[in-house]
Amino acid sequence: MARMGLAPVLGYLIVEENFNVALGVFILAGVTDLLDGFIARNWANQKSALGSALDPLADKILISVLYVSLTCANLIPVSLTSMIILRDVALIAAVFYVRYKTLSPPRTLSRYFNPCYATAQLKPTFISKMNTAVQLILVAASLAAPVFNYVDSIYLQTLWCITAFTTVTSAYSYYHYGRKTVQVINNK
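Residues numbered from 1 in each chain as written. Predicted model: local features only at pLDDT ≥ 70, side-chain atom pairs only at ≥ 80, totals over all residues. Heavy atoms only, no water.

Labelled according to an unreviewed UniProt entry, the protein appears under the name Cardiolipin synthase (CMP-forming), originating from Bubo bubo. Taken from UniProt, the Catalytic activity (unreviewed entry) comment for the protein reads in full: "a CDP-1,2-diacyl-sn-glycerol + a 1,2-diacyl-sn-glycero-3-phospho-(1'-sn-glycerol) = a cardiolipin + CMP + H(+)". (UniProt positions renumbered as here; feature names shortened; annotations may be inferred.)

So, in structure tokens, the structure goes:
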């Protein structure tokens, strides 16, 4: 929930070009993500169906807000942000489709959106995990660029290309492996 709450704050700070504070808030969001994962893995009864649904949603919201804001601040190209958003929209649409297909009747809105009725789980591919890491590295580097004065760096532009490559490769991996990335949990 903290990451979802911090997303609009980060977006505002970036658009207002308050990059020093935005970099600090981004680091705080990263720490909350790491802490959330650590607690869920290491303390008994800390995993929940709601948490497992909210965690990837929080990541998607945060990444989307950051990329759009950094694009508005002219720190990331429009084409790269469009590619990332398009991939995420396609993945979310696929998750909605799988949810619909694996949820047994009656398919009511309350059952459809209730995370307690877990019917399938998406297993991220290796390249998708790498892509997430590269996207976050690019966000951190882009936020730090105006703070440390390397906005026009060739290294930053190279990171744009690497991010584009991993984004396209990740999207293709989900398309190519399709059913292998989805594990049906129950069919009730």
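**Q** What am I meant to see in the pattern of salt bridges here?
**A** Any two side chains of opposite charge can pair, given that their charged atoms come close. Evaluated as defined, the whole model comprises 5 salt bridges. Of the charged contacts, one joins Arg3 and Asp33 as a salt bridge, the two residues approaching to 3.3 Å between their closest N and O atoms. With a gap of 30 residues between them, Arg3 in helix H1 (residues 2-15) and Asp33 in helix H2 (residues 19-42) connect regions that are remote in the sequence. Here Arg3 falls in the buried class, since its relative accessible area comes to 6%. Given a relative accessible area of 26%, Asp33 falls into the partly exposed group. By sharing partners, the salt bridges in this structure join Arg3, Asp33, Asp36 and Asp59 into a single network. (Salt bridge = Lys/Arg side-chain N within 4 Å of Asp/Glu carboxyl O. Helix = DSSP H or I, 4+ residues; strand = E, 2+ residues; numbered from the N terminus. Buried < 20%, exposed > 50% of the residue type's maximum accessible area, 1.4 Å probe, protein only.)

**Q** Is there a simple way to think about the UniProt feature "transmembrane region" (unreviewed entry) in the protein in this case?
**A** On the UniProt side, "transmembrane region" (unreviewed entry) is annotated at positions that read residues 20-40, 84-100, 130-148 and 154-175 here. In residues 20-40, helix accounts for 100% and strand for 0%; the two terminal C-alpha atoms are 31 Å from one another. Annotated as residues 130-148, this span is 100% helix and 0% strand, and its ends, taken at the C-alpha atoms, are 26 Å apart.

**Q** Sorry, what's going on with the packing of H2 against helix H6 (residues 126-148) here?
**A** When two helices pack together, their arrangement is given by the angle between their axes and by how far apart the axes lie. Put simply, H2 and H6 touch, their axes get as near as 8 Å, and they point 150° apart. In terms of their interaxial angle, H2 and H6 are classed as roughly antiparallel. The element H2 and its partner H6 pack so that their crossing is left-handed. Counted together, Phe19, Asn20, Ala22, Leu23 and Phe26 of H2 and Leu136, Val139, Ala140, Leu143, Ala144, Pro146, Val147 and Phe148 of H6 form the full contact between these two elements. Counted by class, the contact of H2 with H6 contains 12 nonpolar, 1 polar and no charged residues. (Axes fitted to C-alpha atoms, helices over the stretch in contact; angles between N-to-C directions. Parallel < 35°, antiparallel > 145°, perpendicular 65-115°, else oblique. Left-handed = near helix turned anticlockwise from the far one by under 90°. Contact = heavy atoms within 4.5 Å. Nonpolar A, V, L, I, M, F, W, Y, C, P; charged D, E, K, R; others polar.)

**Q** Is there a simple way to explain the packing of aromatic side chains in this structure?
**A** Note on aromatic pairs: each is described by the distance of the centres and the angle between the planes. This structure, assessed with the given rule, holds 5 aromatic pairs. Pairing Phe96 with Tyr112 gives two aromatic rings, centres 6.0 Å apart and planes at 10°, and the pair type is stacked. Taken as a pair, Phe96 in helix H4 (residues 78-102) and Tyr112 in helix H5 (residues 109-112) lie far apart in primary sequence, 16 residues in all. When the centroid spacing of 6.1 Å and the interplanar angle of 70° are considered together, the rings of Phe96 and Phe113 count as edge-to-face. Placement of the pair is Phe96 in helix H4 and Phe113 in the loop between H5 and strand E1 (120-122), with a sequence separation of 17 residues. For Phe96, a relative accessible area of 38% translates into the label partly exposed. What links up through ring pairs into an aromatic cluster is the set Phe96, Tyr112 and Phe113. Just above the ring of Tyr112 sits the side chain of Arg99; from NZ or CZ to the centre is 6.0 Å. (Phe/Tyr/Trp six-rings, centres within 6.5 Å; stacked < 30°, edge-to-face > 60°. Lys NZ or Arg CZ within 6 Å of the ring centre and 35° of its normal.)

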